[in-house]
Amino acid sequence: MENIAEALKRNHQTHLLDALNKLSGEGYEKLKKQIEGIDWDGLSVLIRDYVMKKPVTVIPADLAPASYFPLLPKDAEQEALYKRAFEKGVELIRTGKVAALTVAGGQGTRLGFDGPKGTYPITPVLHKTLFQYFAESLARVSEKYGCRIPWFIMTSELNDKATRDFFKSHAFFGLPEESVCFFTQGFMPAVDYSGKVLMSAPDSIALTPDGHGGTLLALRKWGCLDRMKALGVEYISYFQVDNPLVPVANPLLLGLHALENSEMSSIMLSKTNAFEKLGNFCVTGGKLQIIEYSDMPKELAERTTNGKLDFIAGSPAIHVISRTFIERLTAGGRLDLPWHRADKKVAYVDANGTEIKPESPNAVKLESFIFDALPLASATIILEADRKECFAPTKNATGVDSAESCRAMLCARDARRMGVAGIPVPRKEDGSPDCTVELSPRRIFDDADAVEFFRNHPVSAPERGACAAYE
C-alpha cells in the first residue's frame, strides 16, 4: 500500500487513493490491481505532453510521396518478379511460415449492434458473421495449400469473454480449436482535461484500449511470439476485423516481403480524392511513415503532377510483419511508439459515486498506432492493390464505409468471380450486379477457386433481382 500511495501522491492522483480507501473486499482488490498495473510516472509524462497541451504534428520539410510496387507490373522484369514473389508467397504459406492476425477489440456500437464487432452478420445472403467469414477463408487457404494457418485474434477486456464464447458456441467454425489463439490488448486510463484519471465506477478506473499499436507488445505479453516461433511462423498477415474483403493471406505481398527482406510491408490503395480518410504513405529522412489524413497540410494533399495526386498512396491497415521484427521492438517488455490524442466523451463517476454522462468531450484517450512501427523497420515495401478486391470496411450501419456498402462490395466481387468462371451475372445500367450473390469463402478464396468450383458445380445464371448463395 505504501508504494501505491507514494506513486499516486507523487503523480497528483490522490483521488484514486481516496476511492481505494472507501472500498473493501472484491472492489478493493479490483481497484488495487488496476492501480498497480499502471506506470504512474510514465503516465504523468504522457499527461504533460498529450493532455495538458495538444501536440502539433510537425510536417518534415523533406516529406515526399512513398514509392510502391504498382498493381500491374510496369515491365517484363517486374512481371517476372511478381511471378517469383507469388510463388514464394505460396511456398511460405504451404510450409507453415505464415500466421493470420486479426485486430478485433471493438464493439459493434456504431453499427447499432450489441456485441463484439466480429460477431456482426455481414454477408449479403446468408448473413455470416465477420468471424465466420474469416474462419472459412482461413480453412480454405489451409486446405488449398496443404497447411494449417494459425489464427491470432486480439480482443479487449470489453469483449474477450464474449468472443471466446462465440467461437465455442460455433465449434470454431470447423477450425481446429488449438489453431485459434485469443489474446487481449492493453489499456490506458482516460484522463480529464485537468490531468486527473477518471473513474468509471467506484471500484474501477475508466480504462480504454491502447490502440492497435499495442498489438505488438500484447503479442509478447501473452506469449504469442513464443508460440509463433515454436510453430515455425516467420511472417504475420495483419488485418482488421471490420474488413471481410481482405485476403487473409496474400501470396504476392508475402513473397515480395520475403524477397525484398522487408520487416514490415503494407498494402496501399490509390486515394479517390485528396482528402479521403486514409493515412498517407510518405518518406522522410529515408524512412517510411504514415501521416494521418487529418494532419496532412492542404497544399500537400492537393499537390499533383500531370493531373495525378503526388500523395496518392493511402493505407487501409493491411500489413505483413516479420515475427523477428516484433521480437526486436518489444525486447525488454517495452514498446516505444508515439502516442496519439483523441478527445472523447467519457462517462465517469465523481467523488460521491454519482455517474456523469457528459454531452461534449471531457477527456483524452491515448492510443498508439501500428503504422508508427514503419520508421523503425530496417526495410519496408508497399504494394498497390485493387480496393474492389481487398477493402470494404464496416464502420457504420449505412452510408460510406458501412455494412451496407460492404455487402454491396462483397456481392460485386463475387459476381465478378462468377463471370470469370463463365457464369453470367445480370447487370444494371451502371454495371453493378442486378442480383445479390454470395460465394462461400470456405470453397472460394481466389479466381482460380471460382473457376474450379463452378466447373465441378454447374449452375444457371442468377435471375435479375434474385438472391443466391453458393456453398
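Structure's up top.
Residues numbered from 1 in each chain as written. Predicted model: local features only at pLDDT ≥ 70, side-chain atom pairs only at ≥ 80, totals over all residues. Heavy atoms only, no water.

*Asks:* Describe the layout of surface pockets, naming the residues involved and giving the relevant values.
*Replies:* There is about 1,400 Å³ of room inside the second largest pocket. G37, G186, F187, M188 and D210 are the residues nearest the centre of the second largest pocket, which is lined by 36 residues in total. Only α3 (25-36), α4 (40-51), α7 (160-169), β4 (180-184), β5 (187-189) and α8 (214-221) provide two or more residues apiece to the lining of the second largest pocket. With 4 residues, the single largest contributor to the lining of the second largest pocket is α8. Among the residues forming the lining of the second largest pocket, the class breakdown is 16 nonpolar, 10 polar and 10 charged. (1 Å grid on protein atoms, 1.4 Å probe; cavity = no way out; pocket = protein on both sides within 12 Å on 5 of 7 lines; lining within 4 Å. Points joined across faces, edges and corners; volume = space filled by probe spheres on them. Helix = DSSP H or I, 4+ residues; strand = E, 2+ residues; numbered from the N terminus. Nonpolar A, V, L, I, M, F, W, Y, C, P; charged D, E, K, R; others polar.)

*Asks:* Provide a residue-level description of the nonpolar core, including the pertinent values.
*Replies:* Ranked by size, the top nonpolar core spans 60 residues in total, and within it I93, F131, W151 and F167 carry the most contacts. Leaving out residues up to four positions away in the same chain, F131 has contacts with A104, G118, T119, W151, I153, T163, F166, F167, F173 and V241. (Core = buried A, V, L, I, M, F, W, Y, C linked by side-chain atoms within 4.5 Å. Buried < 20%, exposed > 50% of the residue type's maximum accessible area, 1.4 Å probe, protein only. Contact = heavy atoms within 4.5 Å.)

*Asks:* Describe unusual backbone geometry, naming the residues involved and giving the relevant values.
*Replies:* In this structure, F173 takes a positive phi of about 55 degrees despite not being glycine. Its location among the elements puts F173 in the loop between α7 and β4. Unusually for a residue other than glycine, N261 sits at a positive phi of about 55 degrees. With respect to the element layout, N261 can be found in the loop between α10 (251-259) and β11 (264-270).

*Asks:* Can you tell me about the sheet that holds strand β6 (residues 191-192), naming the residues and giving the values?
*Replies:* Across the sheet, 3 strands lie side by side as β6-β21-β18; this open sheet has antiparallel pairing. Unpaired on one side and paired on the other, β6 and β18 (340-344) mark the two borders of the sheet. Bridge count between β6 and strand β21 (residues 363-367): 2 bridges; the pairing is antiparallel. The residue bridging D192 from the neighbouring strand is A363, located in β21. Against the sheet, α4 touches β6, β18 and β21, its axis set at about 110 degrees to β21. (Pairing = 2+ DSSP bridges. Axes fitted to C-alpha atoms, helices over the stretch in contact; angles between N-to-C directions.)

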